[in-house]
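Here are the chains, one letter per residue:
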There are 8 protein chains.
Amino acid sequence: MDAEARLDRDRTRRIDLPEAIYCQSKTVEQCVAIVRDLLADGHRSGTANGNGPGDAIVATRATPAQYEALLDLKPDAFVGPATAGHATLSWRHRSSTGRTAAVVAAGTSDLAVASECRLTLESLGHRVETLTDVGVAGLHRLLDALPLLDDVEVIVAVAGMEGALPTVLAGLVAQPIVAVPTSVGYGTAFEGQTALLSMMTSCAPGIAVVGIDNGYGAACAAHRMLRPLGLEWDGPAT
Amino acid sequence: MDAEARLDRDRTRRIDLPEAIYCQSKTVEQCVAIVRDLLADGHRSGTANGNGPGDAIVATRATPAQYEALLDLKPDAFVGPATAGHATLSWRHRSSTGRTAAVVAAGTSDLAVASECRLTLESLGHRVETLTDVGVAGLHRLLDALPLLDDVEVIVAVAGMEGALPTVLAGLVAQPIVAVPTSVGYGTAFEGQTALLSMMTSCAPGIAVVGIDNGYGAACAAHRMLRPLGLEWDGPAT
Amino acid sequence: MDAEARLDRDRTRRIDLPEAIYCQSKTVEQCVAIVRDLLADGHRSGTANGNGPGDAIVATRATPAQYEALLDLKPDAFVGPATAGHATLSWRHRSSTGRTAAVVAAGTSDLAVASECRLTLESLGHRVETLTDVGVAGLHRLLDALPLLDDVEVIVAVAGMEGALPTVLAGLVAQPIVAVPTSVGYGTAFEGQTALLSMMTSCAPGIAVVGIDNGYGAACAAHRMLRPLGLEWDGPAT
Amino acid sequence: MDAEARLDRDRTRRIDLPEAIYCQSKTVEQCVAIVRDLLADGHRSGTANGNGPGDAIVATRATPAQYEALLDLKPDAFVGPATAGHATLSWRHRSSTGRTAAVVAAGTSDLAVASECRLTLESLGHRVETLTDVGVAGLHRLLDALPLLDDVEVIVAVAGMEGALPTVLAGLVAQPIVAVPTSVGYGTAFEGQTALLSMMTSCAPGIAVVGIDNGYGAACAAHRMLRPLGLEWDGPAT
Amino acid sequence: MDAEARLDRDRTRRIDLPEAIYCQSKTVEQCVAIVRDLLADGHRSGTANGNGPGDAIVATRATPAQYEALLDLKPDAFVGPATAGHATLSWRHRSSTGRTAAVVAAGTSDLAVASECRLTLESLGHRVETLTDVGVAGLHRLLDALPLLDDVEVIVAVAGMEGALPTVLAGLVAQPIVAVPTSVGYGTAFEGQTALLSMMTSCAPGIAVVGIDNGYGAACAAHRMLRPLGLEWDGPAT
Amino acid sequence: MDAEARLDRDRTRRIDLPEAIYCQSKTVEQCVAIVRDLLADGHRSGTANGNGPGDAIVATRATPAQYEALLDLKPDAFVGPATAGHATLSWRHRSSTGRTAAVVAAGTSDLAVASECRLTLESLGHRVETLTDVGVAGLHRLLDALPLLDDVEVIVAVAGMEGALPTVLAGLVAQPIVAVPTSVGYGTAFEGQTALLSMMTSCAPGIAVVGIDNGYGAACAAHRMLRPLGLEWDGPAT
Amino acid sequence: MDAEARLDRDRTRRIDLPEAIYCQSKTVEQCVAIVRDLLADGHRSGTANGNGPGDAIVATRATPAQYEALLDLKPDAFVGPATAGHATLSWRHRSSTGRTAAVVAAGTSDLAVASECRLTLESLGHRVETLTDVGVAGLHRLLDALPLLDDVEVIVAVAGMEGALPTVLAGLVAQPIVAVPTSVGYGTAFEGQTALLSMMTSCAPGIAVVGIDNGYGAACAAHRMLRPLGLEWDGPAT
Amino acid sequence: MDAEARLDRDRTRRIDLPEAIYCQSKTVEQCVAIVRDLLADGHRSGTANGNGPGDAIVATRATPAQYEALLDLKPDAFVGPATAGHATLSWRHRSSTGRTAAVVAAGTSDLAVASECRLTLESLGHRVETLTDVGVAGLHRLLDALPLLDDVEVIVAVAGMEGALPTVLAGLVAQPIVAVPTSVGYGTAFEGQTALLSMMTSCAPGIAVVGIDNGYGAACAAHRMLRPLGLEWDGPAT
């Protein structure tokens, strides 16, 4: 369409969150153009991104072809595993906030989503503690790892299949828990719907849930909790 | 309809299970007539029940009015709580098999279903170990109770809401686990569908699931596991 | 069932949250007995509640009959409106934490759920800013009210029907947003499912969602965000 | 099947709407043959199209291969972007009606559907005002663009994900609003179902909705509103 | 909640539509109070309605008790049939616009919804042509009635069960068609979902659909089409 | 609505089927008035029924109050059991066609639906063979009854729960099978949806299915098969 | 699995229907082997087919590769169009029964399913009248074609999208109607579910429905209606 | 993620079940590495498997590429058919337990799932009786095969489409029945959901169900029933 794009130029100023490049609905060329533009700190036109100059850059759900092209553009990216057929990349991080979140994943199959979350949080300047393979079918692994969560301020719990991990966690710790259902599994996993419903209906109090496979959204939710009230974002890390 | 009813007269002989009186789709009068007939050991006509003479008698999902009328007919029944708007009653039990099952319920709201299961198992001659209030939001209650399960041969796990109890159990014990989702909860509990899906999709291996609120069916499944191969049922307890 | 109840006696110590009395699956007598027991600070038996002595008391989803009986027991309760056929009551509050949340409701029909959330937060010692009638069909009402949100640390957004309120909010403010879909509406509202899906799929970043009509769960999620890391709960308000 | 095709020869006369060539269920050869036939103004055989001679020609949901072949046949087509894996083409337009519609799209991912709508409206002789990137997460972009809608007679609002755009619009403007849910998004977007349900359940009055991704249907609905009562279509533009 | 209600006082000015009183989520007393207030042309407090003084008054989905109380308050209301367990009432109408809509209902069971639509349209000053019993199982009834539609500008088609009426209509007439699925039927009617899906997926071009049973919403959609561009509403009929 | 009702006066002439009185969406008074009118053979006004004079009369899904009132009006009705909360009544039958259908029901709970089917078929002049209690859990009952089906021309198979009866039947007999899923059961029976899906997906060839609980529709489908090609209906039995 | 296959050798004797070769779940080699074996009239091993020697042969849902290989094996097959990505083939037909069915398809996209039905009916010895492009959006095409249906004994109505064709037909003709929903369409067509629900819920009496895209099943249902009671199948056509 | 993997090293000790290698979410290289490691009896790192040394090895849902690579690694595997696009492989079996299970499959299309179950059971040391092609549409095949089930202790019933096989079985035999719904079928089979619902809702008592296509889970459930209480696993077969 030939209409002039209407940029959301001050999203960062309003809500302290830059827009990510959601690769899934874009061509390789579009992805590369947007990242090149953001890296150059210039004002882009023709896309919906409206991040402030110099802000963190995150690209989510990149296909293998997009992943290769983006690494070619600027190889020194932080990258997550591409095991689920899509990957996350991040280039520029904000300066450290001195705050810590945990990303806790039930199984190895959940790592693509967990990495999307971790890289986004790190790009926003937070430290991330990572726990994997703590599914509730081997409960002692989770119980043994609990001390590692003592000093984190927010926990993102990532799980597919029956999605019981955040329920068990929420009965054991007092921190905020953001639950991310993943589309891992087959048959009655119903592409993550079972995990989603299970998390929404938990018998443990105070779990808040984001959309299926939405590691980026979980990171944004956690970021809203980690930034102190009234904090002004003061520019990118240098 | 005026057609002659075709009784399933030898169900007990074939599959060693009597039919229960499923009260929900019957009038008070029909329920009373069937139980009176079964208590008299006579051959009934006009109903679908075809249990052998003297076999166990179980009535499930009795409304308060049915419950009152059945207790009036023969007050010395074994009864479960009517907290869910329906109750289970049982009159005649088979002789003891010397075998033990456990019925494990996540919350007090699951007791109506758990009782339907327990009374059915007891009517079939089995001993039942009962654990309640062992929901996974208070994990230590379940862990503390595990030794009570050491000597049971089959575990029926009853849970509503997110239904995580059988998943946690199945990672801790080696016995057969029959999971019963209950319609406890509101909103995203979706009348037991969430618990059902969660149990079917468990990351823990070897959980077998029966229908929502089907405590009777879980007892029948457990009974199939408790009877030794080739066992011949040798008549009612006297 | 005759098994001894296994109380979750130290839930408050572990996760700093008392159990609420969920009235829906209990008789009037059970509700009254539990509240009387909690008010007496004694140790209760036979229920699943295991709050520490003197902790906040909240009863949710009370039917009109339960509501009357509970007010008869102790009339000086804090109460929410019973417009949705059920109501929330609260008796004892924790001492003030000096922290503030907002409960923002799209329409008057959402007030029963919003009150469940507000009363729970207040019982936990937090101050609550309340905004109602800020549905997005009359956008200026929401825009006019934004300054009232400047000093709150967490926002709970309650909406039924199409559930667009948290989406619009999340593009305007930087605080954590806990979204509560309500079962308000008919037809394609599908008892809150439409609002739930809409909130999970928001184009605005960082919304975390709790179950349909789960005002209590939203308050618990907000409470997890409002308590400082490492805070020890030091007993009830006196 | 060898039966003679029964053409809907006078659809345009009856309802003033030509049939579009819906490419998705046709081979490349079939698409080319139909368009060649329509361009020649001849009577076609073997297809369901029954447009009058010389009427507007629109092909929707063309695959890349169909797109290439149709452009090869007659390169001077009006075309929309193929970003969603399918594209719209249009060749012959009716003479101008002097009326104006707006097509308003929430995000860049909605452009394939928005273009299908715009090209169809233009082929029917209407002027189309296009607004993109006006998603409600950046509300000011929409508010800034409102004056552009002052003179349009019908608004088509295209949105995926949570689909809140038409709800916000309907509280701000008085014109007819035709909402088109798109299958943009993943996870809980459920291929457009969430946007569809959200639009059907809007708290704002008077939104009418067409099927998921049905930009052509939205254009037809808008066309029915733009043609004056009793208007006789008087042949193609020359 | 004690927060001051934020009225949408200028809805009529913005979108030329007053808010209806949606009785379903209100007590009898609340309904009576709002209508009394509106009849007195005064500014109300404590509700979400914000219609201009003297505007049309419509109450939808009134229960029998609400219906009686509202008629007691002011007996000279226009009323629809209460056959579906709820009814519509209207008191004050805008002056005539000189424009005409048709409300076409498939069966007698659809009349409650059809009346909600007709009374709302009439309250907004439009003339309404009404056709009933034109379900497609007796096609000739619909074909015979077609001439009655020649002079209407918008058609609202109301149907439950399989919802085929708007599809057949849309192949026969050129006017805008707003389709309203109703919850009439049982079993696979699924409370209107089948009719809704059928209408959204019509093989006939240009049907726009509102929510299940939403006669009020259909009237609002039709009203948006009936008011000429730029029309200023000039006060109530006197 | 004040529009003149458009009667389907020649339905019987066109499709040889009278309309039934579907009581569910009508008041007691409306039901009585329609039946009184039909009994008087007069032409009725204000309803959708358009049966020829003297044709069969069937009322379906009558509530207990409607049932009483209709029997009061004319006590010599043929009636089915009201066990499912609704009942079927029939007054005037067509003359015998000399043809025979079977209605086969899986359980006693399916009798309300089976009776609706049987009475409708009998009112149309067919003989009906009835088999009940032939659920597939007691297979021998069905196998024993097979000879009774040898001379029937069409079989209507009625079943709830898992709905396996028509599948087993279709592997054993060569006649047409019309399957009727019923809403019998609870939990995963999902109000008949499970039976419906099971019947639609049968591994046995040639089962045709009608809607949930639609005994009347099954009778109409069977009637279409029982009437010889070109048969002219020649008036009621006298 | 190495177990000996248990053939259903006398299916034709029992229910007068041969098994079709359902290609979708088989390799090319398996399909070719089965058809070669059937053509040779020998007894096959290792498959589930158990048709009598010399009976009709039908292969359904053949992929392009299977289609090619089967035509290579024996080129003189009757074949349907492969427009939907799969095709039907038939080789040996039973001798003529002298009876006639009609297959009526709403649109060209439904032809793959319609052909599966037609070829199966012809292989069973019936004559088939075919009508296509009679969708209800162009009603006169259907009305004009009605005389062609006068002499058919059963009508199979095939339609996708909103599936209204059998509903309109059932109000116009008295013959049995077997409705086949197809997965034609996108978005709210939901892969044929919308058409299925619409057909099950029809306001027209006596429609019987088979599974989505199940042209073979519809033919079997029609065949059950076309064979006279007691007819013995007397071997293949020669 | 760089966090150290937390192995479930003593799963076999706790629940007597090794973890299978679920290939679907792994690369070919990952699958080969895990199996090589397990074959070498060494302790692996970086995966979630934590089986004891020398335990049985089973790989499920291997794609053709994974299947080839795994056979290349160690060709003397036990393998199942790859007809469903994925296959099962097993290398090392536990010593014989002297117990017997049956795997009963409705159709040839169910063999991939049935083999996953059979190979897993055999790897755990059990003997497996296999019955195939015993779908209920050819009932006599099942009835003829019943004597083969006399000496098995547990029956796994595998079926797709309408899933009636376990229902019929459960009315005929007294052993435990584990039902496995498969995703065989198209249209209303809904990827196995119909079979799942049918099995959960069976009118026959005591069926326990595992997830769709979950042959491995069914084997684990059966294994829990086959191991005697208190049995200690004493190492691999040599």
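Whatever comes next refers back to the structure up there.
What counts, and at which threshold
Residues numbered from 1 in each chain as written. Chains lettered and ligands numbered in written order. Predicted model: local features only at pLDDT ≥ 70, side-chain atom pairs only at ≥ 80, totals over all residues. Heavy atoms only, no water. Axes fitted to C-alpha atoms, helices over the stretch in contact; angles between N-to-C directions. Helix = DSSP H or I, 4+ residues; strand = E, 2+ residues; numbered from the N terminus. Left-handed = near helix turned anticlockwise from the far one by under 90°. Contact = heavy atoms within 4.5 Å. Nonpolar A, V, L, I, M, F, W, Y, C, P; charged D, E, K, R; others polar. Buried < 20%, exposed > 50% of the residue type's maximum accessible area, 1.4 Å probe, protein only. Least-squares fit on C-alpha atoms with pLDDT ≥ 70 in both. Pairing = 2+ DSSP bridges. Buried area = accessible area lost by both parts, 1.4 Å probe. Salt bridge = Lys/Arg side-chain N within 4 Å of Asp/Glu carboxyl O. Polar contact = N/O pair within 3.5 Å; in protein donor to acceptor, adjacent residues only side chain to side chain.

K.L.:
Is there a simple way to explain the packing of helix α4 (residues 111-123) of chain H against helix α8 (residues 215-226) of chain H in this structure?
P.N.:
Residue and element names in this part refer to chain H. The N-to-C vectors of α4 and α8 enclose an angle of 35 degrees; their axes lie 7 Å apart at closest approach. Relative to α8, α4 is oriented so that their crossing is right-handed. In contact with V113, E116, C117, T120 and L121 of α4, α8 contributes G215, Y216, A218, A219, A222, H223 and L226. Here the contact of α4 with α8 is composed, by residue class, of eight nonpolar, three polar and one charged.

K.L.:
Just checking my understanding: could you explain helix α3 (residues 64-73) of chain C for this structure?
P.N.:
The periodicity of an α-helix, 3.6 residues per turn, causes residues three or four places apart in sequence to face the same way. Every buried residue of α3(C) is accounted for by C:Q66, C:Y67, C:A69 and C:L70. Buried positions along α3(C) lie against α2 (28-39), β2 (58-62), β3 (78-79) and β4 (87-90) of chain C.

K.L.:
It is not clear to me how the relation of the copies chain A and chain C should be interpreted in this structure. Could you clarify?
P.N.:
Between the two copies of this chain, the relationship is a rotation about some axis together with a displacement along it. Least-squares fitting of chain A to chain C yields an RMSD of 0.0 Å, with the transformation described by 0.0 Å of translation along the axis and a rotation of 180 degrees. Accordingly, the operation relating the two chain copies is best matched by a two-fold axis. The share of interface residues of chain A whose copies in chain C are also at the interface is 100%, consistent with both copies meeting through the same surface.

K.L.:
Help me out: how do you make sense of the sheet that holds strand β1 (residues 21-22) of chain D in this one?
P.N.:
Two strands in a sheet stick together by hydrogen bonds in their backbones, pointing the same way (parallel) or opposite ways (antiparallel). All names here are of chain D. The four strands are arranged β1-β2-β4-β3 in an open sheet whose pairing can be described as mixed. The sheet is open, and its two edges are formed by β1 and β3 (78-79), each paired on a single side. Across two bridges, β3 lies against strand β4 (residues 87-90) in antiparallel orientation. Bridge assignment links F78 to a residue of β4, and that residue is S90.

K.L.:
Whenever I open this one, the interface of chain A and chain C confuses me. Can you help?
P.N.:
Accessible area lost on assembly of the parts is the figure often given for the size of an interface. Listed by partner, the interface residues are 33 residues for chain A and 33 residues for chain C. On the chain A side of the contact with chain C, A:M200, A:P205 and A:R224 bury the most area, a combined 25% of that side's loss. Taken together, the links from chain A to chain C amount to zero salt bridges. In this assembly, chain A and chain C are joined by 11 residue pairs in polar contact (both at pLDDT 80 or more).

K.L.:
I'm lost on the sheet that holds strand β3 (residues 78-79) of chain B in this one. Help?
P.N.:
All names here are of chain B. The four strands are arranged β1-β2-β4-β3 in an open sheet whose pairing can be described as mixed. Edge strands, defined here as strands with exactly one partner in the open sheet, are β1 (21-22) and β3. Across three bridges, strand β2 (residues 58-62) lies against strand β4 (residues 87-90) in antiparallel orientation. Bridging across to β4, A62 finds its partner in A87. Of the strands in this sheet, β2, β3 and β4 touch helix α3 (residues 64-73), which is tilted by about 150 degrees from β2. Contacts from helix α4 (residues 111-123) reach β2, β3 and β4 within the one sheet, and its direction differs from that of β4 by about 10 degrees.

As far as function goes, none of this settles anything; it's purely spatial.
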